Every structure is written in structure tokens, then in C-alpha cells.
Amino acid sequence: MSPARRSLAAAAAGVVLIFGLAGCSKEVDNGQVEKQLKSVLQQRAPNAKFGKVECHDDLKAEKGAKADCDIEVNGTKQKFDAVVTSVDGDKVTYNFEPG
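Residues numbered from 1 in each chain as written. Predicted model: local features only at pLDDT ≥ 70, side-chain atom pairs only at ≥ 80, totals over all residues. Heavy atoms only, no water.

S.K.: Please explain the state of the cysteines as it appears in this structure.
M.R.: Here is the idea: a disulfide is a covalent bond, and it sits between the sulfur atoms of two cysteines. Inspection of every chain in the model, using the stated rule, returns 1 disulfide. Cys55 shares a disulfide with Cys69; S-S distance 2.1 Å. Between Cys55 and Cys69 the disulfide shows an S-S torsion of about 105 degrees. By sign, it is right-handed. One end of the pair, Cys55, is in strand β3 (residues 50-55); the other, Cys69, is in strand β5 (residues 66-73), and 14 residues separate them in sequence. (Disulfide = S-S within 2.5 Å. Helix = DSSP H or I, 4+ residues; strand = E, 2+ residues; numbered from the N terminus.)

Below you can see the structure in the form of C-alpha cells.
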């Protein structure tokens, strides 16, 4: 793993995000997860150039559920997983891990 990749992986690993579910949905929309992944990495690595982000499925509101995501960083596609750490009513807590 390159030093830049390790740096981004470490930056995203400790982040915990909490989102409410809309209506009766039992998923966090993949568009929301994509926005959060890019936002987290931009905050942690402001000098990097971020391109297209794609999470392939909505994130199920179940502890341990994962959604795999790809993000272009400095022209290279990198993989991250959004992983649900807890669900409390309509609040889903998740973080990003290198994929």
C-alpha cells in the first residue's frame, strides 16, 4: 500500500457518522454515503484531488452491514467500505474503512 493510500485509509478509519433514516426506510441512501465519504476525506486530506465517488448499494440499517465504495483520489481509484456500527431507532452510526 502506498504512503498516500495508507494516509487516506487512516484518515477515514476513525470517522463515525450518524444519520437519521427518512420515513420507513431501513437503509441509508448511497448518495448520502458518497457525499460523506468525499467530505470526510477532503477534510482529512485537503491537498488531494478527489473525483468521482460511487457506492454500489444503499447501506442497510443493520449493525455490521457494509456498502462498498470507490473514490478517485489523485487520479487513482481507491476502495472504502461504509460499515454500520450501531442502529438506534432511526439513527444509523457508521464509519469508513479501507476496502
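S.K.: Help me understand the pairing of β5 in this model?
M.R.: Two faces belong to every sheet, and in a regular strand the side chains alternate between them. Where β3 meets β5, 4 bridges bridge the pair, whose relative direction is antiparallel. In the strand pairing of β5, Val53 is matched with Ile71. With 8 bridges connecting them, β5 and strand β6 (residues 76-88) associate as antiparallel partners. Within β6, the position partnered with Val73 by the bridge is Thr76. (Pairing = 2+ DSSP bridges.)

S.K.: Looking at this structure, how should I read the confidence of the model for the protein chain?
M.R.: As a note on interpretation, predicted positions should not be read in detail where pLDDT is low. Mean pLDDT over the protein chain: 81, with 75% of residues reaching 70 or higher. Within the protein chain, the lowest mean pLDDT, 52, falls on helix α1 (residues 3-13), and the highest, 95, falls on β3. (pLDDT = per-residue confidence, 0-100.)

S.K.: Looking at this structure, I do not really get the packing of aromatic side chains. What am I missing?
M.R.: Aromatic ring pairs: the centre-centre distance and the angle between the two ring planes describe each pair. For the structure on display, the rule yields 1 aromatic pair. Ring geometry for Tyr94 against Phe96: centres 5.8 Å apart, planes inclined by 90 degrees, an arrangement best described as edge-to-face. (Phe/Tyr/Trp six-rings, centres within 6.5 Å; stacked < 30°, edge-to-face > 60°.)

S.K.: Even after reading the chapter, I still don't get the nonpolar core, so can you show me in this structure?
M.R.: Within soluble globular proteins, side chains that are nonpolar generally end up buried alongside one another. Membership of the largest hydrophobic core comes to 23 residues, with the highest contact counts inside it found for Val33, Leu37, Phe50, Leu59, Ile71, Tyr94 and Phe96. Mapped by element, the contributors of at least two residues to this core are α2 (30-44), β3, β5, β6 and β7 (91-98). (Core = buried A, V, L, I, M, F, W, Y, C linked by side-chain atoms within 4.5 Å. Buried < 20%, exposed > 50% of the residue type's maximum accessible area, 1.4 Å probe, protein only.)

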